[in-house]
Amino acid sequence: MRPESGIELISIDVGRVLRKLVESPYSHLVTRPTGRAVRIAIEEQVAESSKTALSLIDLSDVTVMDFSCADEIVAKLLLRFLEEDRPGDALFVFRGVRQSLQEPIQTVLERQELLAVAQSGDGRCVLKGTWTEEQEYAWTVLEGRGRIAVGDVPEVFPGSHHREALDQLVHRRVAFVPPGDPVYHALSTLAGDS
Amino acid sequence: MRVIDLPATLDFQTYDALFAEVMQSGGDKLLFDGRHLRFLGPNGMVGLLASGSVARDRSGEKPILELGAAGDVTSYLGRMGFFQAADGIFAGTSFPRRSPGPSDVLLEITPITRNSDVHDVVDRVQKRAGTILANSLGYPPTSVVQFSVILSEVCQNILEHADAPGWVAAQSYNWSKRLGRHVVIISVADLGRGFRGSLSDEHSARFADRWGDVTALEAAFIHGLTRFPDSGRGQGIQQIRKQVRRWAGLISIRSGTARIADVPEWFDAPPLEEGLADFPGTQINIVLPARVDSET
């Protein structure tokens, strides 16, 4: 747990989850039932946290992911934790997103108008899904700084449209303001030391 | 018993005539005379299995498949796993078993009846497709992943929409005379509900009396409609189309009395056909040509 931000880091190796779930040693994320089973396993693991969970979804071992699995493991997972009756409070960073996975992930996020943070093998984080220009600017600035105290926001973002965009990023779960700690955190910063 | 002559070449361009003849045969027991058969593509093979199944179900008797003495076709059908798949569909012929060992086949005829079959298909193709896609088609090494995703999505179409078993097969060919290039062909067929049957409950009302095989195919193929209310559904065919277009390929879907297609420049066919013999299920045909510089 990272006490300064009130979150708990949870690392989930999707390849391992897949191997545990299916009897045969399949290594590819294909078919909707497989994706659904993996998503439910991830949800259960994340929901065990009593804090806000920063869930690092590691896709490094995944070579093939079809659109049905991407819809389940990325889009539906995010949607589940945006719902009012979500099983817990969670943020997500998708790690080890190799080139072959980029299109399925981007496609399903666009379809559901979702936004997610993806981290490639070199550690660089990028946004995936749909966003406005203002959200992209606010996210890039926050990503570059790591943290922005609420009191510094007017100076960092003189324009109200960028300040609104920053709050929208929090609402869309790609930035975080811990309860009782008036600081905007980039998810990559929170995940950085894991 | 009624005799149906198989053409010398049974592929995605000649299959319609064969199936129309099967449908005209009423409930007669059929003999498929394949003595003049010289070549079958994947579409011809899975189509022949579908035709045999329809003939069996209509007459209540397994049809007979007679092949010529020349061993090439029989040998090729054996390598493609046709005879295992034909077991229970055709009668009267002692089918040779496929010999174990290394195979030049990209994907043998594989029944798709459950989720694990799709995993098996993707696993098998991952091991074999890389060399064929790179060497024969000139596709980049990463194309094997997109190819696997295409196969996964077309196979899932059977499981999720047909509610009936189906088959998938894929193979590479040298179309030096037809196209001057190598191609890879993927064929899928099922004898399920078809697109009209799958979409009818959810979508037929809004189309009123325009609802039919053509509107159902257009709804799924062009607009991505699906019978599931979930907004995450219906992406499979759209994404297959997108990838096939990137590779300048041909994709067609036949269901009921209609066929819809994305037709590339190198092929001559209408994008929409209607009034075909009523196919009780769905056929998907994909032809991926070797890359040429003008398409890169």
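Residues numbered from 1 in each chain as written. Chains lettered and ligands numbered in written order. Predicted model: local features only at pLDDT ≥ 70, side-chain atom pairs only at ≥ 80, totals over all residues.

A.B. asks: Explain the overall build of chain B to me, please; I cannot follow it from the model alone.
C.D. replies: Secondary structure assignment for chain B yields 9 helices and 12 strands. In terms of overall dimensions, chain B is globule-like: its C-alpha atoms have a radius of gyration of 19 Å, near the 19 Å expected for 296 residues. Partitioning the contacts of chain B with sequence separation of at least 6, the portion at a separation of at least 24 is 69%. (Helix = DSSP H or I, 4+ residues; strand = E, 2+ residues; numbered from the N terminus. Rg over C-alpha atoms; globule rule 2.2 N^0.38 Å. Contact = placed C-beta atoms within 7 Å.)

A.B. asks: Explanation requested: the interface of chain B and chain A in the structure shown.
C.D. replies: In many analyses, interface size is given as the accessible surface area lost on bringing the parts together. On the side of chain A, 22 residues touch chain B, which itself brings 18 residues to the contact. Secondary-structure elements contributing two or more residues to the side of chain B that touches chain A are α5 (115-136), α6 (143-162) and α9 (235-246) of chain B. In terms of residue class, the side of chain B that touches chain A is made up of 4 nonpolar, 12 polar and 2 charged. (Nonpolar A, V, L, I, M, F, W, Y, C, P; charged D, E, K, R; others polar.)

A.B. asks: Can you walk me through the sheet that holds strand β6 (residues 147-149) of chain A in this structure?
C.D. replies: Two pairing modes exist for strands in a sheet, parallel and antiparallel, and in both the strands are linked by backbone hydrogen bonds. Residues and elements named next belong to chain A. Read across the sheet, 3 strands follow the order β6-β8-β7 without closing on themselves; strand pairing throughout is antiparallel. Of all the strands in the sheet, the pair left with one neighbour each is β6 and β7 (175-176). For β7 and strand β8 (residues 183-186), the ladder comprises 2 bridges, and the chain directions are antiparallel. Residue pairing across strands places Phe-176 opposite His-185, the latter belonging to β8. (Pairing = 2+ DSSP bridges.)

A.B. asks: Sorry if this is basic, but what is going on with the pairing of strand β2 (residues 52-58) of chain A here?
C.D. replies: One face of the sheet, then the other: side chains in a regular strand alternate in exactly this way. Residues and elements named next belong to chain A. With 6 of its 7 residues buried, β2 lies for the most part within the structure. With 7 bridges joining them, strand β1 (residues 7-13) and β2 adopt parallel strand pairing. By the bridge assignment for β2, Ile-7 is matched with Thr-52. As paired strands, β2 and strand β3 (residues 90-95) are joined by 6 bridges and run parallel to one another. The residue of β3 that forms the bridge with Leu-56 is Val-93. In this fold, β2 hands off to helix α3 (residues 67-80), which returns the chain to β3; that crossover is right-handed. (Buried ≥ 20, exposed ≤ 12 C-beta atoms within 10 Å, placed from the backbone. Right-handed = clockwise from strand over helix to strand, strands pointing away.)

A.B. asks: Any chance you could explain helix α2 (residues 32-47) of chain A here in plain terms?
C.D. replies: In an α-helix, one turn spans 3.6 residues, which is why side chains three or four residues apart end up on the same side. All names here are of chain A. Its 16 residues place the ends of α2 22 Å apart at the C-alpha level, agreeing with the 22 Å of an ideal helix rising 1.5 Å per residue. Along α2, the positions that sit buried rather than exposed are Arg-32, Thr-34, Gly-35, Val-38, Arg-39, Ile-42 and Val-46. Seen end-on, α2 carries its buried residues on one side only, within an arc spanning 155°. (Expected span 1.5 Å × (residues − 1). Arc of directions from axis to C-beta.)

A.B. asks: When you look at the domain arrangement of chain B in this model, what are you seeing that I'm missing?
C.D. replies: Residues and elements named next belong to chain B. Each assigned domain of chain B is listed with its residue range as follows: domain 1 (1-93) and domain 2 (103-296). Between domain 1 and domain 2, the C-alpha centre-to-centre distance is 22 Å. Facing the 20 residues of domain 1 at the interface are 23 residues of domain 2. When residues of the side of domain 1 that touches domain 2 are assigned to their parent elements, the largest contribution, 9 residues, is made by helix α2 (residues 42-59). (Domains from an automatic or database assignment.)

A.B. asks: Before we go on, may I ask you to explain the nonpolar core in this structure?
C.D. replies: Inside soluble globular proteins, nonpolar side chains tend to come together where they are buried. Core analysis: the largest hydrophobic core is formed by 145 residues, its most contacted members being Val74(A), Ala116(A) and Leu187(A). Residue contributions to this core peak at 11 residues, all from α6(B). Taken domain by domain, this core gets at least three of its residues from each of domain 1 (1-93) and domain 2 (103-296) of chain B. With sequence-adjacent residues up to four places away left out, Val74(A) is seen in contact with Phe94(A), Ile105(A), Val108(A), Leu109(A) and Ala116(A). (Core = buried A, V, L, I, M, F, W, Y, C linked by C-beta atoms within 7 Å.)

A.B. asks: Just checking my understanding: could you explain the environment of Arg16(A) for this structure?
C.D. replies: As for its placement among the helices and strands, Arg16(A) is situated in helix α1 (residues 14-21). Taking the C-alpha atoms as reference, Arg16(A) lies 26 Å from Leu114(A); in sequence the two are 98 residues apart.

A.B. asks: Please explain the sheet that holds strand β9 (residues 250-256) of chain B as it appears in this structure.
C.D. replies: Residue and element names in this part refer to chain B. With antiparallel pairing, the 7 strands of this open sheet are ordered in space as β6-β7-β8-β12-β9-β10-β11. Both edges of this open sheet fall to β6 (107-112) and β11 (272-273), since each of them pairs with a single strand only. Sheet topology note: the strand β10 (residues 258-262)/β11 ladder contains 2 bridges and is antiparallel. In the sheet register, Ile-260 faces β11, and the bridge partner there is Leu-272. The sheet contacts of α2 involve β6, β7 (166-175), β8 (181-190) and β12 (279-289), and relative to β8 the element is tilted by about 20°. (Axes fitted to C-alpha atoms, helices over the stretch in contact; angles between N-to-C directions.)

A.B. asks: Which parts of the structure should I look at to understand the packing of α3(A) against helix α4 (residues 99-111) of chain A?
C.D. replies: Packed helices, taken two at a time, are described by their axes: the angle between them and the distance between them. Residue and element names in this part refer to chain A. Running from amino to carboxyl end, α3 crosses α4 at an angle of 65°, the nearest separation of the two axes being 9 Å. Here α3 runs over α4; the crossing is right-handed. Here Phe-67, Ala-70, Asp-71, Val-74 and Ala-75 of α3 lie close against α4, whose contacting residues are Pro-104, Ile-105, Thr-107, Val-108 and Leu-109. (Left-handed = near helix turned anticlockwise from the far one by under 90°.)

A.B. asks: Please clarify how the pairing of β12(B) should be interpreted in this entry.
C.D. replies: Residues and elements named next belong to chain B. Of all 11 residues making up β12, 10 are buried, and the element is well covered by its neighbours. Across 8 bridges, β8 lies against β12 in antiparallel orientation. In the strand pairing of β12, Ile-186 is matched with Ile-286. Relative to β12, β9 runs antiparallel, the two being bridged by 7 bridges.

A.B. asks: Teacher, can you tell me more about the packing of helix α1 (residues 15-24) of chain B against α2(B) here?
C.D. replies: All names here are of chain B. Where α1 meets α2, the closest approach of the two axes is 10 Å, and the angle between their N-to-C directions is 5°. On the basis of their axis angle, the class for α1 and α2 is roughly parallel. Contact with α1, carried on its side by Tyr-15, Leu-18, Phe-19 and Val-22, involves Asn-43, Gly-44, Gly-47, Ser-51, Val-54 and Ala-55 of α2 and no other residues of that element. By residue class, the composition of the contact of α1 with α2 is 6 nonpolar, 4 polar and no charged. (Parallel < 35°, antiparallel > 145°, perpendicular 65-115°, else oblique.)

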